[in-house]
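Descriptive structure summary
Here is what each chain is made of, one letter per residue.
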Amino acid sequence: MSECVVGVDIGATKVAAGLVDETGGLRGALTVPTPEMGGEAVLKAVFDLLHYLAARAQRHAIHIRGIGVGTAGQVDAEQGIVRSATANLREWSQVPLAERIGQATRLPVRVDNDGNAALLAEVWAGAAKGHGDAVGLTIGTGIGGGVVTGGRILHGAWGGAAELGHLCVNFRGPRCTCGSTGCVEAYASGHGLVERLQERLAAQPADVSPVAREYLSSHGLDGVTTAMVFQWAEAGDALARETLDDALAALAHAVVSLIHTFNPTVVVVGGGVVAANPAFVSQLAARVRGLGMSSLVQPVPIVPAQLGARAGVIGAASLIWWQCGG
Ligand SMILES: [Zn+2]
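Residues numbered from 1 in each chain as written. Predicted model: local features only at pLDDT ≥ 70, side-chain atom pairs only at ≥ 80, totals over all residues. Heavy atoms only, no water.

Helix and strand content of the chain: 12 helices and 12 strands. Overall, the C-alpha framework of the chain stretches about 65 × 50 × 30 Å when taken along its three principal axes. For the chain, long-range pairs separated by at least 24 residues make up 63% of all intrachain contacts whose partners lie at least 6 apart in sequence. Across the chain, the centroid of the 22 positively charged side chains sits 4 Å from that of the 27 negatively charged ones. (Helix = DSSP H or I, 4+ residues; strand = E, 2+ residues; numbered from the N terminus. Contact = heavy atoms within 4.5 Å. Lys, Arg positive; Asp, Glu negative; His and termini not counted. Charge placed at Lys NZ, Arg CZ, Asp CG, Glu CD.)

Another point: the layout of surface pockets. Here the second largest pocket defines a volume of roughly 380 Å³. Residue lining of the second largest pocket: 13 residues in total, with Arg-110, Arg-152, Ile-153, His-155 and Leu-319 positioned closest to the centre. Listing elements by their share of the lining of the second largest pocket, those giving two or more residues are strand S7 (109–113), strand S10 (152–153) and helix H12 (311–323). Looking at the lining of the second largest pocket, the element that brings in the most residues is H12, giving four residues. (1 Å grid on protein atoms, 1.4 Å probe; cavity = no way out; pocket = protein on both sides within 12 Å on 5 of 7 lines; lining within 4 Å. Points joined across faces, edges and corners; volume = space filled by probe spheres on them.)

Turning our attention to the environment of Arg-152. Mapped onto the elements, Arg-152 comes out in strand S10. The class for Arg-152 is exposed, based on a relative accessible area of 64%. In sequence terms Arg-152 and Gly-132 are 20 residues apart; their C-alpha atoms lie 7.4 Å from each other. (Buried < 20%, exposed > 50% of the residue type's maximum accessible area, 1.4 Å probe, protein only.)

Moving on, we get to the coordination of the zinc ion. Protein coordination at the zinc ion: the donors are His-166 (ND1), Cys-176 (SG), Cys-178 (SG) and Cys-183 (SG), at 2.0 to 2.3 Å from the metal. Around the zinc ion sit four donor atoms, and with donor-metal-donor angles ranging over 103 to 122 degrees the site reads as tetrahedral. In primary-sequence terms, the residues that donate to the zinc ion follow H-x9-C-x1-C-x4-C. Note that His-166 is positioned in the loop between S10 and helix H4 (184–188) and Cys-178 in the loop between S10 and H4, a separation of 12 residues in sequence. (Donors = N, O, S within 2.8 Å, 3.2 Å for Na, K, Ca; no water. Tetrahedral: all angles 85-135°; square planar, octahedral: opposite > 155°, others 65-115°.)

A few words on the domain arrangement of the chain. We note that the domain assignment places domain 1 (2–126 + 308–323) and domain 2 (134–304) within the chain. For domain 1 versus domain 2, the distance between C-alpha centres works out to 26 Å. With 19 residues of domain 1 at the contact, the number on the domain 2 side is 21 residues. Here domain 1 packs against domain 2, burying approximately 1,400 Å² in sum over the two surfaces, 60% of which is carbon and sulfur. Together, Asn-88, Asn-116 and Leu-119 form the three largest contributors to the area buried by domain 1 at its contact with domain 2, with a combined 35%. Looking at the side of domain 1 that touches domain 2, the elements that each hand over two or more residues are strand S5 (74–76), S7 and helix H3 (114–125). In terms of residues, the side of domain 1 that touches domain 2 owes the most to one element, H3, which gives seven residues. Grouping the amino acids of the side of domain 1 that touches domain 2 by side-chain chemistry returns eight nonpolar, seven polar and four charged. (Domains from an automatic or database assignment. Buried area = accessible area lost by both parts, 1.4 Å probe. Nonpolar A, V, L, I, M, F, W, Y, C, P; charged D, E, K, R; others polar.)

Another point: helix H8 (residues 238–262). The end-to-end C-alpha distance of H8, which contains 25 residues, comes to 36 Å, matching closely the 36 Å that a straight helix rising 1.5 Å per residue would cover. For H8, the N-terminal cap is Asp-237; the gap from its side-chain oxygen to the backbone nitrogen of Leu-239 is 3.1 Å. Of the residues one or two after H8, Asn-263 is the one with positive phi, at around 50 degrees. (Expected span 1.5 Å × (residues − 1). Polar contact = N/O pair within 3.5 Å; in protein donor to acceptor, adjacent residues only side chain to side chain.)

If you walk across this open sheet you meet the five strands as S10-S9-S8-S11-S12, and the pairing is mixed. Two strands bound the open sheet, and with one partner strand each, they are S10 and strand S12 (302–304). As judged from the six bridges shared by strand S8 (residues 134–139) and strand S9 (residues 143–149), these two strands associate in the antiparallel manner. Bridge assignment links Thr-138 to a residue of S9, and that residue is Gly-144. In the packing of H8 onto the sheet, contacts are made with S8, S9, strand S11 (266–270) and S12, and the angle to S8 comes to roughly 155 degrees. Against the sheet, helix H10 (residues 279–289) engages S8, S11 and S12, with an angle of about 175 degrees to S12. (Pairing = 2+ DSSP bridges. Axes fitted to C-alpha atoms, helices over the stretch in contact; angles between N-to-C directions.)

What follows covers the side chain of Glu-185. Note that Glu-185 resides in helix H4. Arg-196 is the oppositely charged side chain nearest to the buried, salt-bridge-free Glu-185, at an N-O distance of 9.5 Å. The contacts of Glu-185, once residues within four sequence positions are left out, are Asn-88, Gly-142, Ile-143, Gly-165, His-166, Thr-177 and Gly-192. (Salt bridge = Lys/Arg side-chain N within 4 Å of Asp/Glu carboxyl O.)

Bringing the pattern of salt bridges into the picture now. According to the stated counting rule, one finds nine salt bridges in the structure shown. A salt bridge links Glu-40 to Arg-100; its shortest N-O distance comes to 3.0 Å. In this pair, Glu-40 sits in helix H1 (residues 39–59) while Arg-100 sits in helix H2 (residues 97–105), placing the two residues 60 residues apart along the sequence. Looking at Arg-100, the relative accessible area reads 28%, which means it is partly exposed. Arg-196 serves as the salt-bridge partner of Glu-199, at 2.7 Å between the closest nitrogen and oxygen. Of this pair, Glu-199 and Arg-196 both sit in helix H5 (residues 190–203), three residues apart, which is roughly one turn of that helix. Judged by its relative accessible area of 43%, Glu-199 is partly exposed. Residue class for Arg-196 comes out buried when judged on its relative accessible area of 7%. Connected via shared salt-bridge partners are Glu-195, Arg-196 and Glu-199.

Shown next as structure tokens:
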């Protein structure tokens, strides 16, 4: 009988789960939208996915060794508790995830932040394979992060370290979802890109391009999506171009600060926004080259994540495989 770990990835937009073998290979996975109600509805979605995967494992004579969970929010990794939710996921504070899932399944459960899980996956089986010092950024609805230093994920006192999306790149900048101002997330996350473009469209109506004007006439400002920022920039819309330019500048300064702080050998950039716009990482890398202390910054490749949407699930599973010495 072969063995797998169930990896679960809980994000603001979707919940994914899959069976992951000892090499980081994914053997069956599925994804559902994150219930908007948050809280118990998210837990119900997780239990439904676990139920499906348990049946699948049984059919294929796979023994489930444990369950690893990567979730949005600040996670007490030792206790397996979500201490504090992000603004993007409702009713997700003080959720004793490890206890709830452990009680229901009678399996070992480990929980960590989703940014940490995504980087662990890339170090295990992706773009940062073999690197003991790596920084990861996951650009989706928000921006998640992770830091591996000396071969270990950096947790801080209880697991809250590496909130890299909330690195401040402009203290006079726009209000961020975290309560601070000018965080990189406020410029370069999916949510931040949309907000910054909406501000420009509202403040500079004379500069709105025909392509944007036509869309806005039927959908309004609230209809602007992250994909539109990229599409309109590509079509020559000046406001979308400015928005993307600011996002790249914000990210480049954040990445340089991270290299100065952690002296990594690689920076991995992934997430839904990057997956949908592959040129984004090379544009970012070009900007980083011109900034910071060259002895630290120049040798560090800025690379796209390789595992895409699978990273969260694979990294979550690594929490069990690595703990067990696998
Ligand atoms: Zn912030």
